Amino acid sequence: MTATTLFQRTSGPLGAPTLLLGGSLGSNLDMWRPQLAAFGDRLRVVRFDHRGHGGSPVPPGPYSIEDLGRDVLALLDRLGIERASYCGLSLGGMVGMWMAAHAPGRIDKLVLICTAAHLPPADSWRSRAEQVRTGGMGSIADAVLGRWFTPRYRAALPARVAPYRAMIAACPAEGYAGCCEAIAAMDQLADLPRITAPTLVIAGADDPATPPEHGERIHAGIAGSRLVVLQGAAHLANAEQPDAVSQLILDHVRSDD
Ligand SMILES: O=C(O)CC1=CCC(=O)O1
């Protein structure tokens, strides 16, 4: 299977620790904007769009988590990066688990936010894929937004939430559907014990998409990992609790373990 050449943006000083940022299903690399000021000159940040998302090409689905992971390995090769830390939220975390289990030499520290190693029922992901292929992204945008942010945050800060709805609506339907099919076919629970990278798992206490039980299962499967459950956060915890998430990531990536 040929890797897809991913769209990416790199920022931060050469020589600082490198951190890859992989986003959620239906997002693009702008979802990490809430972290950029905090990472500033402390990290060299490589944000990328998964295949079928944002500025990356949209090959016809279905995809697999392995396909997405191999795309990121090819991105590292293209950028001349042998080894980097990796932080992924949701789909991005699924890709991070695959990379840490199958290419451990490439991953330094690992941060897994609001994600799952296995997210049944598969049929619901296949139905969602069919829905966007027939009805377009607009047909699911409000429902997705309802999982990304708590009702309280949506009501209090509608102007902050609006760009995320536009982000979901702009995601290519075939790319979104291909990634839904990757999640449908995924079960990485048995691979978790292979992960040796120092791992921080962050869950959102109010995340309806990947509730904290998923973070607990990942934490139980990865020896030496740490689990933080954030209050006042739904699925896009990095946007709803930006300061807390940025600090947790920075402390973990820059620690000496
Ligand atoms: O259900 C959603 O839209 C949230 C989600 C689950 C996996 C992912 O990447 O996003």
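All of these numbers come straight from a predicted model, not from anything done at the bench.

Analysis parameters
Residues numbered from 1 in each chain as written. Predicted model: local features only at pLDDT ≥ 70, side-chain atom pairs only at ≥ 80, totals over all residues. Heavy atoms only, no water. Helix = DSSP H or I, 4+ residues; strand = E, 2+ residues; numbered from the N terminus. Pairing = 2+ DSSP bridges. Axes fitted to C-alpha atoms, helices over the stretch in contact; angles between N-to-C directions. Contact = heavy atoms within 4.5 Å. UniProt positions renumbered as here; feature names shortened; annotations may be inferred. Salt bridge = Lys/Arg side-chain N within 4 Å of Asp/Glu carboxyl O. Phe/Tyr/Trp six-rings, centres within 6.5 Å; stacked < 30°, edge-to-face > 60°. Buried < 20%, exposed > 50% of the residue type's maximum accessible area, 1.4 Å probe, protein only. Lys NZ or Arg CZ within 6 Å of the ring centre and 35° of its normal.

### Considering unusual backbone geometry
The step from Gly61 to Pro62 runs through a cis peptide bond, and the omega angle for that step is 0°. If you check the backbone angles, Ser90 has positive phi at about 60° while not being a glycine. Here Ser90 lies in the loop between strand E4 (84–89) and helix H3 (91–102). Residues other than glycine seldom take positive phi values, yet Cys114 does so here, at roughly 40°. Within the secondary structure layout, Cys114 lies in the loop between strand E5 (107–113) and helix H4 (122–135).

### A few points about the sheet that holds strand E2 (residues 18–22)
The mixed open sheet is built from seven strands, whose spatial order is E1-E3-E2-E4-E5-E6-E7. Sheet topology places strand E1 (8–11) and strand E7 (226–230) at the edges, where each strand pairs with a single neighbour. With strand direction ignored, the average angle separating the axes of adjacent strands in the sheet is 15°. Summarising the sheet, strand E6 (residues 199–204) and E7 pair through five bridges and their orientation is parallel. From the neighbouring strand, Gly204 faces E7, where its bridge partner is Leu230. Docked against the sheet, H3 engages E2, E4 and E5, running at close to 145° with respect to E4.

### Observations regarding the UniProt feature "domain: AB hydrolase-1" (unreviewed entry) in the protein
The UniProt feature table records "domain: AB hydrolase-1" (unreviewed entry) at residues 19–131. Annotated as residues 19–131, this span is 39% helix and 19% strand, and its ends, taken at the C-alpha atoms, are 34 Å apart.

### With respect to the UniProt feature "domain: Peptidase S33 tripeptidyl aminopeptidase-like C-terminal" (unreviewed entry) in the protein
Here, the residues flagged by UniProt with the feature "domain: Peptidase S33 tripeptidyl aminopeptidase-like C-terminal" (unreviewed entry) are residues 196–252. As a span, residues 196–252 carries 44% helix and 19% strand, and end to end its C-alpha atoms are 15 Å apart.

### Digging into the pattern of salt bridges
This model, assessed by the stated rule, comprises 10 salt bridges. Between Arg33 and Asp30 there is a salt bridge, and its shortest N-O distance comes to 3.2 Å. With its nearest N and O atoms 2.7 Å apart, the salt bridge here joins Glu174 to Arg133. A residue pair is termed long-range when its members are at least 10 positions apart, and Glu174 in helix H8 (residues 173–184) and Arg133 in helix H4 qualify at 41 residues. Here the salt bridges do not stand alone but share partners, grouping Asp30, Arg33 and Arg47 into one network.

### Here we look at the packing of aromatic side chains
Tallying each qualifying case throughout the model produces four aromatic pairs. Ring geometry for Trp148 versus Tyr164: centroids 6.4 Å apart, planes at 80°, classification edge-to-face. Note that Trp148 is positioned in helix H5 (residues 141–148) and Tyr164 in helix H7 (residues 158–170), a separation of 16 residues in sequence. Here Tyr164 falls in the buried class, since its relative accessible area comes to 12%. Ring geometry for Phe149 versus Tyr153: centroids 5.3 Å apart, planes at 10°, classification stacked. Each member of the pair Phe149 and Tyr153 is classed as buried. Of the aromatic side chains, those joined through ring pairs into one cluster are Trp148, Phe149, Tyr153 and Tyr164. The side chain of Arg51 reaches across the aromatic face of Tyr63, ending 5.2 Å from its centre.

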